[in-house]
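# Summary of structural features
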Amino acid sequence: MAYGTLIKTKSGKVFPIDCRDWQLLFESIPSELKKLSSDGWKIVIFTNQKGIQVAKVDRNEFKKKIEAIVAKLGVPVQAFVSVAGGRYRKPCIGMWEELKLRNDGVEIQEAESVFVGDAAGRHKTTIRSKKDHSFADRFFAANVGVPFKTPEEFFGKSKSEEPWGPPVFDPKHLFKDGIQLLEPEDAPLKSEKPEIIVMVGFPGSGKSTIAKWLAEQNGYKIINRDTLGTWQKCVATARSHLKNGDSLIIDNTSPDKESRQRYVDVAKELGIGCRCFVMNCDMEQAQHNIRFRVLTDNTAADISSMVLRIHKGKYVEPTVEEGFQQVVRVNFQPKFQIEEHEKLYKMYLID
Ligand SMILES: Nc1ncnc2c1ncn2[C@@H]1O[C@H](COP(=O)(O)OP(=O)(O)OP(=O)(O)O)[C@@H](O)[C@H]1O
């Protein structure tokens, strides 16, 4: 059963069977909202409705549903409906930014406002038969900087704070002082002699970012399967760069020994060094990075969590026994050219 914020389904199903399948979550909600409204509060609904974009929910029927709910509440309400993914979908704050633009010039006092939502990451408890399906509402409020309450807390049905969390990934934890880029600390970023660096990490783990640093600062050539198409072309291009005396960075996910061995063998054959750089980035951080990339680069493709799970399933920890001179761990060292991007990266982007 979905718990809902203002309404719940009449059918008892998680998703409503049609746009008439709703009832108030609590009978007291209209009178409580009327009191707030007459005390000068503005009431705004923010709702994620991706079903509209994928045509599971009819846009006009949904509009009628919102109008019927607002009529039942009996107070003026402004509603924002996010119909797709991207920056308007909670926990991203696009809908809040729209509110600020459409608030008749009245400045919003975030800290004095309250955001009430049921996607709150709550635990399964004796009164709650299932845990919440997401944290989207709690994280939206945190991203905006508005205090948060669950409907049960706000409408007085729960006397104490409902247990929730912890978040699967909190980007703020990555922003600590004194984190070394490479482990061991004395591992050089650049080798004095020509070498191959084989990167290993989830899609979105930051491999291309490191590869770009090495290319720009130290002239390393980048080999990337997404650009070249096949591993055979990657190996052939690698050989031709090495013959010119260049160092290389292999910017592929390389989760298994087989994909790494090709480059270890080429290095051996040509008598040069080969190191492995493993991104210190778990699946949740990679998901966050992918969301960040999609939000900041409109040419970037979204990568599904299934692709990430496939990488995880194939992953074999690299070792020096595979033929590497050294296996180096690469830590996330945040670097942003644009202040807005740093602000966005610090927000909760996955729920
Ligand atoms: N050190 C960093 N500081 C700031 N942002 C970063 C950093 N590392 C990665 N990112 C951001 O995370 C996102 C993913 O990084 P990147 O594209 O480098 O990953 P990748 O491992 O090469 O992904 P893929 O395998 O899908 O190509 C990008 O938007 C990038 O800007």
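Let me sum up the structure you'll find in this document. Values in this document were obtained by computation on a predicted structure and should not be read as measured data.

### Details of the overall build of the protein chain
- In terms of regular secondary structure, the protein chain is built from 12 helices and 12 strands.
- Its C-alpha atoms give the protein chain principal-axis dimensions of about 80 × 40 × 40 Å.
- A fraction of 73% describes how many contacts in the protein chain between residues 6 or more apart in sequence connect residues 24 or more apart.
- Total accessible area on the protein chain is roughly 19400 Å²; 51% of this is exposed by carbon and sulfur atoms.

### A word on the site of the ligand
- The local shell around the ligand holds 18 residues, among which Gly204, Lys207, Ser208, Thr209 and Arg293 are the closest.
- Separating an oxygen atom of the ligand from a backbone N or O atom of Ser205 is a distance of 3.0 Å.
- Between the ligand and Gly206 there is a distance of 2.9 Å, counted from an oxygen atom to a backbone nitrogen or oxygen.
- The fraction of the free accessible surface of the ligand (620 Å²) that becomes covered by protein chains is 85%.

### Re the pairing of strand S3 (residues 43-48)
- With five of six residues buried, S3 lies mostly within the body of the structure.
- Crossover S3 to strand S4 (residues 77-82) through helix H2 (residues 59-73) is right-handed.

### Here's the deal with helix H6 (residues 207-218)
- Under the 1.5 Å per step criterion, the end-to-end length of H6 is 16 Å for 12 residues, consistent within 8% with the ideal 16 Å.
- Buried residues along H6 sit in contact with strand S8 (195-200), strand S9 (221-223), strand S10 (248-250), strand S11 (273-279) and strand S12 (326-330).
- Just beyond H6, the residue with positive phi is Gly219, at close to 70 degrees.

### A look at the nonpolar core
- Residues Phe46, Trp96, Phe115 and Phe140 are the most contacted members of the largest nonpolar core, which totals 23 residues.
- Put simply, the parts of the chain that give this core at least two residues each are helix H3 (94-101), helix H4 (136-144) and helix H12 (339-345).
- Mapped onto the domain boundaries, this core takes at least three residues apiece from domain 1 (7-154) and domain 2 (182-345).
- Among all residues touching Phe115, those that are not within four sequence positions of it are Phe46, Lys90, Asp137, Phe140, Ala141, Val146, Pro147, Phe148 and Lys149.
- Among the nonpolar cores identified, the runner-up in size contains 21 residues, and Leu181, Leu182, Ala211 and Leu214 belong to it.

### Let's talk about the pairing of S12
- Both strand S7 (residues 182-183) and S12 contribute to a ladder of two bridges, which runs antiparallel. By the bridge assignment, Leu182 is partnered in S12 with Val330.
- Pairing geometry for S11 and S12, over five bridges, is parallel. Along S12, the bridge assignment pairs Val278 with Arg329.

### Comments concerning the environment of Ala238
- By the element assignment, Ala238 lies in helix H8 (residues 231-243).
- Separated by 11 residues in the primary sequence, Ala238 and Ile249 place their C-alpha atoms 9.0 Å from one another.
- Those residues in contact with Ala238, other than ones at most four positions away along the chain, are Ile223, Leu248 and Tyr263.

### Some details on the sheet that holds S7
- Taken in spatial order, the six strands make up an open sheet running S7-S12-S11-S8-S10-S9, and their pairing is mixed. Only two strands of the sheet have a single partner each, and these edge strands are S7 and S9.
- Here three bridges tie S9 to S10, and the two strands are oriented parallel to one another. When the sheet's bridge partners are listed, Ile223 is paired in S10 with Ile250.
- The strands that H6 touches are S8, S9, S10, S11 and S12; relative to S8, the one it contacts most, it runs at about 160 degrees.
- Contacts from H8 reach S8, S9 and S10, with the element oriented near 165 degrees to S9.

### Section: the side chain of Ser82
- Along the chain, Ser82 turns up in strand S4.
- On the basis of relative accessibility, which here comes to 2%, the residue Ser82 falls in the buried class.
- In terms of polar contacts, Ser82 uses its side chain to reach the backbone carbonyl oxygen of Ala84, at 3.3 Å.
- From its side chain, Ser82 meets the backbone oxygen of Tyr88 in a polar contact 3.3 Å long.

### Overview of the pattern of salt bridges
- Applying the stated criterion to the full structure yields 16 salt bridges.
- Asp137 is the partner of Lys90 in a salt bridge, and the nearest nitrogen-oxygen pair spans 2.8 Å. Here Lys90 is found in the loop between S4 and H3, whereas its partner Asp137 is found in helix H4, with 47 residues between them in sequence. Comparing Lys90 with Asp137 shows no difference in burial state: the two are buried.
- In this structure, Arg260 engages Glu322 in a salt bridge whose closest nitrogen and oxygen atoms are separated by 2.9 Å. Remark: Glu322 occurs in the loop between helix H11 (305-314) and S12 and Arg260 occurs in helix H9 (residues 257-270); sequence separation between them is 62 residues.
- The class for Glu322 is buried, based on a relative accessible area of 7%.
- Because the salt bridges share partners, they merge into one network encompassing Arg122, Asp132, Glu152 and Glu162.

Conventions adopted
Residues numbered from 1 in each chain as written. Predicted model: local features only at pLDDT ≥ 70, side-chain atom pairs only at ≥ 80, totals over all residues. Heavy atoms only, no water. Helix = DSSP H or I, 4+ residues; strand = E, 2+ residues; numbered from the N terminus. Contact = heavy atoms within 4.5 Å. Areas by Shrake-Rupley, 256 points an atom, 1.4 Å probe, with all protein chains shown as cover. Near = heavy atom within 4 Å. Polar contact = N/O pair within 3.5 Å; in protein donor to acceptor, adjacent residues only side chain to side chain. Buried < 20%, exposed > 50% of the residue type's maximum accessible area, 1.4 Å probe, protein only. Right-handed = clockwise from strand over helix to strand, strands pointing away. Expected span 1.5 Å × (residues − 1). Core = buried A, V, L, I, M, F, W, Y, C linked by side-chain atoms within 4.5 Å. Domains from an automatic or database assignment. Pairing = 2+ DSSP bridges. Axes fitted to C-alpha atoms, helices over the stretch in contact; angles between N-to-C directions. Salt bridge = Lys/Arg side-chain N within 4 Å of Asp/Glu carboxyl O.

Purely spatial values, then, with no claim about function.
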